[in-house]
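# Commentary on secondary and tertiary structure
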Amino acid sequence: MPGTGIAVVGATGGCGTTTMAAAITAWGGAGICRVLGLDGHGGGPHTLWGVRVERGVDHLDAVRAEVDAGHVQHIAHKGMAEWDLVAGPGSAMTYAGWGGDLAPRLVAAMVPQGPWVADLGRGDHQLAECVVKHASGVVVMTPCSLDGAEACRHLLPHISAPRVLVAAVARPGEHHVSRRAIRRLVPGHTVMEVPWDRRGVGRLASGATGRRGLQSCVGQIMQALATDG
Ligand SMILES: Nc1ncnc2c1ncn2[C@@H]1O[C@H](COP(=O)(O)OP(=O)(O)O)[C@@H](O)[C@H]1O
Ligand SMILES: [Mg+2]
């Protein structure tokens, strides 16, 4: 899928944003070659995959004004398979330095020719806004609950991309509402249900893929992003 760039944003914390970004990468169908771990609040695909991050976005401070794709390549880590993993600044505070005109410059350098996926966490920094502008599709992760739907309603007006899809996760121990209810509460968007699949997440962490549960759902999500108008 040339030109594919998928941004994953969480309407709330802890609702599987990192997991979804990793699952899209591992699914393989999109031919992702770069993974951007840009949640300044911690976690990220590198944590899931146990990739030791020695260089991150804040290591580009010295070349801020003229950062280019070559500089980004220098801080990219090889992921578990063939993809590059670019890690964001070490803390949410250091994102502030990448605001203004520097954010679009950095994002243009991070987004390569080939397909990419970005874990933006809650998306609450300017770098995330810029990544979303480059995305062909956005997956908004949300708990499959009334609170989740409410959080989505706040977030969605801030996101403009050719295709935006809501993925609702029914976490155990939470009061769930049906997918149909989420559709009613978040009108105008495709809503997909993400299965709670511990085994699928375990497979992701070990680099393996599967065909059922989470992986099958990711295939459907990518299909919907490719076809929705
Ligand atoms: N679909 C899922 N099935 C089972 N466990 C999941 C699923 N999505 C997320 N998790 C688990 O929930 C926790 C939070 O997920 P994570 O992707 O880190 O959320 P976020 O990035 O939104 O904070 C992790 O322990 C993760 O393994
Ligand atoms: Mg995360």
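For the structure, see preceding data.
Read on for an overview of the structure. (Residues numbered from 1 in each chain as written. Chains lettered and ligands numbered in written order. Predicted model: local features only at pLDDT ≥ 70, side-chain atom pairs only at ≥ 80, totals over all residues. Heavy atoms only, no water.)

## Concerning the pattern of salt bridges
Under the counting rule described, the total for this entry stands at 6 salt bridges. Here Glu174 makes a salt bridge to Arg171, at a shortest N to O gap of 2.7 Å. Arg171 sits in the buried class, given a relative accessible area of 18%. Taken together, the shared-partner salt bridges connect Arg34, Lys78 and Asp84 into one network. (Salt bridge = Lys/Arg side-chain N within 4 Å of Asp/Glu carboxyl O. Buried < 20%, exposed > 50% of the residue type's maximum accessible area, 1.4 Å probe, protein only.)

## Focus: the packing of aromatic side chains
In total, this model carries 1 aromatic pair according to the counting rule given. On the basis of an interplanar angle of 45 degrees and a centroid distance of 5.2 Å, the ring pair of Trp49 and Trp83 is categorised as tilted. Separated by 34 residues along the polypeptide, Trp49 in helix α2 (residues 45–49) and Trp83 in the loop between β3 (77–78) and β4 (84–87) bring together distant segments of the chain. Take Trp49 and Trp83: they sit in the same class, and that class is buried. A cation sits over an aromatic face here: Arg64 above Trp98, 5.0 Å from the ring centre. (Phe/Tyr/Trp six-rings, centres within 6.5 Å; stacked < 30°, edge-to-face > 60°. Helix = DSSP H or I, 4+ residues; strand = E, 2+ residues; numbered from the N terminus. Lys NZ or Arg CZ within 6 Å of the ring centre and 35° of its normal.)

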